[in-house]
Amino acid sequence: MIERITLTGGRGKDGRAEQVASVDFAMGNVVSIVGPTGSGKTTLISDLELFADGSTPTGRRVLIDGVTPPAEYREDPSQNPIALITQHTSFLSDLPVGDFLRIHAGVRSRDGVVAEAVVSQTLAFANQLTGEPVLPALRMTELSGGQTRALLIADAVVIGNAPIILLDEIENAGIHRMKALELLRQYRKIFVFVTHDPYIPLLSDFRVVMAAGAMTKVIRSGEAERRLAQRVRVADDLLAGFRERIRSGGEFSADELEAVA
Amino acid sequence: MKLAICAGPATCGKTSVLRHTTRKLLARGSRVAFLKIDVQYAEEDEELAREFGIPTKKVYSGELCPDHCNVMVLGEALEWAEREAADVLLVETAGLCLRCSPYVDGGLGIVVLEATSGMNLPRKIGPMLSLADVAVVTKIDRVSQAEREVFRARILDAAPDIRVREVNALHGIGIDPLVERMRATPDVCGELTLRGNPPVGTCTICVGKKTVGWKSHFGVVRPLENQTFYRGE
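All values reported here derive from a predicted model rather than from experimental measurement.

Side-chain positions along a regular strand alternate between the two faces of the sheet. Residue and element names in this part refer to chain B. Burial along strand S3 (residues 56-60) is one-sided: Lys57 and Val59 are buried, and none of Thr56, Lys58 and Tyr60, which face the opposite way, are. Pairing analysis gives five bridges linking strand S2 (residues 32-38) to S3, with the strands arranged parallel. Residue Asp38 lies in a different strand from S3, and its bridge partner there is Tyr60. For the segment spanning S2, helix H2 (residues 44-52) and S3, crossover handedness is right-handed.

Residues and elements named next belong to chain A. When cut into domains, chain A gives domain 1 (4-222) and domain 2 (223-261). Relative placement of domain 1 and domain 2: their C-alpha centres are 29 Å apart. The interface of domain 1 with domain 2 comprises 13 residues on the first partner and eleven residues on the second. In total, domain 1 and domain 2 occlude about 990 Å² of area from one another, counting both sides; carbon and sulfur atoms represent 51% of this. Contact with domain 2 buries surface across domain 1, with Tyr199, Leu202 and Gly222 losing the most and accounting together for 52% of the total. Here domain 1 is connected to domain 2 by one salt bridge. Its salt-bridge partner being Glu225, residue Arg207 comes within 2.7 Å of it at the nearest N-O pair. Remark: the boundary between domain 1 and domain 2 carries five residue pairs in polar contact (both at pLDDT 80 or more). Contributing elements (two or more residues each) for the side of domain 1 that touches domain 2: helix H6 (177-185), helix H7 (199-203) and strand S9 (214-220). Among the elements that make up the side of domain 1 that touches domain 2, the one with the highest residue count is H7 (three residues). When grouped by side-chain class, the residues that make up the side of domain 1 that touches domain 2 number six nonpolar, three polar and four charged.

Further remarks concern the sheet that holds strand S4 (residues 61-64) of chain A. By definition, the strands of a sheet pair up through backbone hydrogen bonds, in either a parallel or an antiparallel sense. All names here are of chain A. Within the open sheet, the three strands sit side by side as S2-S1-S4. Their pairing is antiparallel. The sheet is open, and its two edges are formed by strand S2 (22-26) and S4, each paired on a single side. Neighbouring strand axes in the sheet, compared pairwise and without regard to direction, differ in orientation by 20 degrees on average. Against the sheet, helix H1 (residues 41-49) contacts strand S1 (4-8), S2 and S4, and its axis sits at roughly 125 degrees relative to S1.

What follows concerns the interface of chain B and chain A. Facing the 24 residues of chain B at the interface are 26 residues of chain A. Between chain B and chain A lies a buried interface of about 2000 Å² when both sides are counted; carbon and sulfur atoms form 56% of it. Remark: the boundary between chain B and chain A carries two salt bridges. Salt-bridge contacts for A:Arg108 lead to B:Glu149; the nearest nitrogen and oxygen are separated by 2.8 Å. Counting across the chain B and chain A interface gives six residue pairs in polar contact (both at pLDDT 80 or more). Elements with a contribution of two residues or more to the side of chain B that touches chain A: helix H6 (145-158) and strand S7 (163-166) of chain B. The dominant element in the side of chain B that touches chain A, judged by the number of residues it contributes, is H6(B), at nine residues. Broken down by class, the residue content of the side of chain B that touches chain A amounts to ten nonpolar, four polar and ten charged.

Here we take up the sheet that holds strand S5 (residues 82-85) of chain A. Residue and element names in this part refer to chain A. Spatially, six strands are ordered S5-S6-S7-S3-S8-S9 in an open sheet, and the strand pairing comes out mixed. The open sheet is flanked by S5 and S9, the only strands paired with a single partner. Ignoring which end each strand starts from, the neighbouring axes of this sheet average 20 degrees apart.

Side chains that are nonpolar tend, in soluble globular proteins, to be buried together. Residue and element names in this part refer to chain B. Core analysis: the largest hydrophobic core is formed by 50 residues, its most contacted members being Leu3, Leu35, Leu89, Val111, Leu129, Ile155 and Ile162. Looking at this core, the elements that each hand over two or more residues are strand S1 (2-8), S2, helix H3 (66-83), strand S4 (88-94), strand S5 (108-114), helix H5 (127-130), strand S6 (134-138) and H6. Considering each element in turn, this core owes the most residues, nine residues, to H3.

All names here are of chain B. For H2, the complete set of buried residues consists of Glu44, Asp45, Leu48 and Phe52. The buried side chains of H2 occupy one side of the element, clustering within an arc of 100 degrees when seen end-on. Among the structural elements, helix H1 (14-27), S2, S3 and S4 are those in contact with the buried residues of H2. Looking one or two places after H2, you find Gly53, whose phi comes out positive at around 65 degrees.

The rules behind each value
Residues numbered from 1 in each chain as written. Chains lettered and ligands numbered in written order. Predicted model: local features only at pLDDT ≥ 70, side-chain atom pairs only at ≥ 80, totals over all residues. Heavy atoms only, no water. Buried < 20%, exposed > 50% of the residue type's maximum accessible area, 1.4 Å probe, protein only. Helix = DSSP H or I, 4+ residues; strand = E, 2+ residues; numbered from the N terminus. Pairing = 2+ DSSP bridges. Right-handed = clockwise from strand over helix to strand, strands pointing away. Domains from an automatic or database assignment. Contact = heavy atoms within 4.5 Å. Buried area = accessible area lost by both parts, 1.4 Å probe. Salt bridge = Lys/Arg side-chain N within 4 Å of Asp/Glu carboxyl O. Polar contact = N/O pair within 3.5 Å; in protein donor to acceptor, adjacent residues only side chain to side chain. Nonpolar A, V, L, I, M, F, W, Y, C, P; charged D, E, K, R; others polar. Axes fitted to C-alpha atoms, helices over the stretch in contact; angles between N-to-C directions. Core = buried A, V, L, I, M, F, W, Y, C linked by side-chain atoms within 4.5 Å. Arc of directions from axis to C-beta.

In C-alpha cells:
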C-alpha cells in the first residue's frame, strides 16, 4: 500500500533550480496545483504520471515511499497506481456504457468474473458528479463532456481503484466540484487537482504555486482559508444560479441588481 | 549485425519510436543504419539522415506487398548496412494486409500500435502482432485508463509471450527498455527465414517460400537497387 509520493524539484523554464526543492503527497491528501496559464501546471502532473526519473524536460524525480518506482508501473496500466484525467482524455469506444464498464471490470478481476455491484457502484458514483444522467445503455461516444469526465473519474476511482488520481481542470467540464470533493474525500487516495477554480484550492490540504515552469511555493490551507471557502461557495452558488437561468432562457430585473450589490 | 524490424499500421508512431530509439542507440555507441519500406511515399529516411547523419535508404514496394518487398530486399539491405559500417539495422515497414508479418528468425520483431485505434485492434491484426517480440503502445495520453488496460489485456490475449511497452513517443519516455532489448539481441547470421507462414497467394513468397533474398524467388521480385518488377524462372 502506497503511503507517500515525493516529487523532487528540477528546473524552471529559465534553467534555474526550483524554489521548492521537494514536495510530499501523503495518502489521503487533496492537493491543488495553481498558477497562470503556461506556468507549468500540466507539465507538473505529467511528471507525476510519467514517474519522472530526471529524464523529462524539467529534470524532476518521483519517489514512491522514498524509493524509485518499479518498472511494472509503466509497463502494465493495471499495476499503475496513478490515473490521469485531463480535458483531452476521452473514451474512444463506441460500446454502451454498461458493456464497457463490464469489460474493464473483467480485465481487472483475477478470474474474469465481473461483480455487477462494481458496475452499478461506478454508475452511481458518476451520476453524483454530473447532473446529466449517465445510463448503462448510452453509447460511450454519445456522452457529453460532463458525463465523460464523470465516468472517467468514477471508473478510475471504483473499478481502476487507483490510489493516486490526477485531475486536470475538470471544473470546466460540467462536474459538481463540491460534490466531487465530498465524494473523493470518502476514499483514502491522493487527489491532485490542476485548477483555476478559487474553491478547490481553499479546501485542499495544500496547494503548490507554479510560475514560469517552476514550483515557487507550497501553501497549507489554514482554518481562515477553510472559512473563506464557505464564503466563496456562496458567491459561486449565486453565479452558478445566474448561469443556469441564462442557459434556460431566463431574464433579470432591476431589483436583482440591488440584491447582488 | 543486429536486426530490428518494426511494423505497424500507418501513422501509428513507428517513426517517432524509431527516432528516439536511434538517438538512444547512438548515445550508447551503436552504429545505426535505417531502411524504410513503404508502398509509394516515404520521407522518414531523409528525416533520420538529416537528424542523425546515419546511413538511410528507402524502397518503394509499388504493387508488391511491402512485407514481401521486405523479404526480397532484406539480405541485400544487411550487406548494405555492413558496408556502411553499421552494427544495427532498423527496418521500418508499412504492415498492410494483416496476413503476413515481416519479422525474421533471429531478429527482433517490434509492432507499434496506437492506443487510439480502439480496444479491438489487437484482435484484428493477426501475425503482425502475434509474431512480434515487443508491442510498443503509443498515444497513451489520449485514451482513458480503462481503455489502456483493456488494450493491453487484448494484446496479451493475442500474443501471450509478447513484452508490452507503453511509451510517450512525443517525449521519448519509456523507450529505454526497447533500446536495451535491441542491444541484447544477438547478431543475425546465415540464411534468414521469415518467422511466420505467408498466406496463400500467387508469388513465390505468397506460396510459402520463406528464404530471404530476391534471387531465391521468381515472378514478381524486387532487388534493393534497380527496381526490377518481373523476373521469369
